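# Understanding the architecture of this molecule
Chain residues, written in single-letter form:
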Amino acid sequence: MWTYEKKLQYPIKIKNANPRLAKAIITQYGGPDGELGASLRYLSQRYTMPNDTARAALNDIGTEELGHLEMVGTIVHQLTRNLTMPEIKKFGFDDYYADHRVGVYTMGAGGAAFDANAFAVKGDPIADLHENLAAEQKARSTYENLIRIADDPDVIEPLKVLRAREIVHFQRFGEVLRGILDDIDRHKVFAVKK
Amino acid sequence: MNRNREMMLREIQELDFRVQDLRLYLDTHPQETAAAEAYNTAVKKGKAMTDHYEKLYGAVTPTGGGDATARRWVEGPWPWQSYKAGKEEGAYHVDV
């Protein structure tokens, strides 16, 4: 069960439209390493986690990622507000406009629609946690690419926050994985010959 | 959104961020006393600040803000909206 909180995790207030930049940032909305995939992957994987620490971490990180999805959607929306048709053409936004106007759609930076394979649920806690460690690094890398592309501090600041959270999540997943591996080791019994 | 409202919301966001980050930390370090204390302090401060904000500016969650929320929950600005040149975004056309 979730309840909505009428606020963003981090404030976003973008003054200037930049639809070309929005088309790159939208990849963290519905791209291969985006927040939608991350959130629903963790929330789906949590059912088959073997201990309470793992269940809690996946539940709570999956929930935070939903908040990040909202932040990325907000950035895309604020970058594409209040456009005129000449601006849409000038910024190369006409292809996106043809299908979605200025709606926020789940797609990657290249325009490919969201692929549910991003949810990657193996049902094996070790495999799933390694998947998540890689996913957090890929998302961190994507945010760094976006920060390099962006030239507007209004956009860069929230992107830096989102990048930092990927690193924190990576850290927590590492601790969850180590806990599970330690538990497995504890159950190994070595016979000692006398 | 007036200046005071924005500043108060920002403080709530800071406190709730602290809660969120400590929550994840405590998920994997439940025995750490200092983190648990910091978490409890941030939760209490966040709640108090949110209560205060909700009395002035309306609900943050559907169960906050008292009886007025029944009717006033729908009122913006919603979080993805912001203000341009002192005007609410709603005054701008977003569908071209």
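Residues numbered from 1 in each chain as written. Chains lettered and ligands numbered in written order. Predicted model: local features only at pLDDT ≥ 70, side-chain atom pairs only at ≥ 80, totals over all residues. Heavy atoms only, no water.

## Digging into the nonpolar core
Judged by nonpolar contacts, the single largest core of 32 residues is most densely connected at I25, V72, I75, L79, F93, V155 and L159 of chain A. Considering each element in turn, this core owes the most residues, six residues, to helix α4 (residues 52-79) of chain A. Beyond its immediate stretch of four places on either side in the chain, I75 of chain A contacts I12, I14, I25, V155, P158 and L159 of chain A. In this structure, M49, L129 and V176 of chain A together with L24 of chain B belong to the second largest nonpolar core, which totals 15 residues. (Core = buried A, V, L, I, M, F, W, Y, C linked by side-chain atoms within 4.5 Å. Buried < 20%, exposed > 50% of the residue type's maximum accessible area, 1.4 Å probe, protein only. Helix = DSSP H or I, 4+ residues; strand = E, 2+ residues; numbered from the N terminus. Contact = heavy atoms within 4.5 Å.)

## Observations concerning the interface of chain A and chain B
On the side of chain B, 36 residues touch chain A, which itself brings 37 residues to the contact. Sorting the residues of chain A by area buried against chain B places K6, K7 and N82 of chain A first, and these three jointly supply 24% of that buried surface. In this structure, D16 of chain B and K7 of chain A form a salt bridge, with 2.9 Å as the shortest nitrogen-oxygen distance. The interface formed by chain A and chain B contains 10 residue pairs in polar contact (both at pLDDT 80 or more). Of all the elements in the fold, those that place two or more residues in the side of chain A that touches chain B are α4, α5 (85-90) and α8 (153-186) of chain A. Here the residues of the side of chain A that touches chain B are counted per class, giving 16 nonpolar, eight polar and 13 charged. (Buried area = accessible area lost by both parts, 1.4 Å probe. Salt bridge = Lys/Arg side-chain N within 4 Å of Asp/Glu carboxyl O. Polar contact = N/O pair within 3.5 Å; in protein donor to acceptor, adjacent residues only side chain to side chain. Nonpolar A, V, L, I, M, F, W, Y, C, P; charged D, E, K, R; others polar.)

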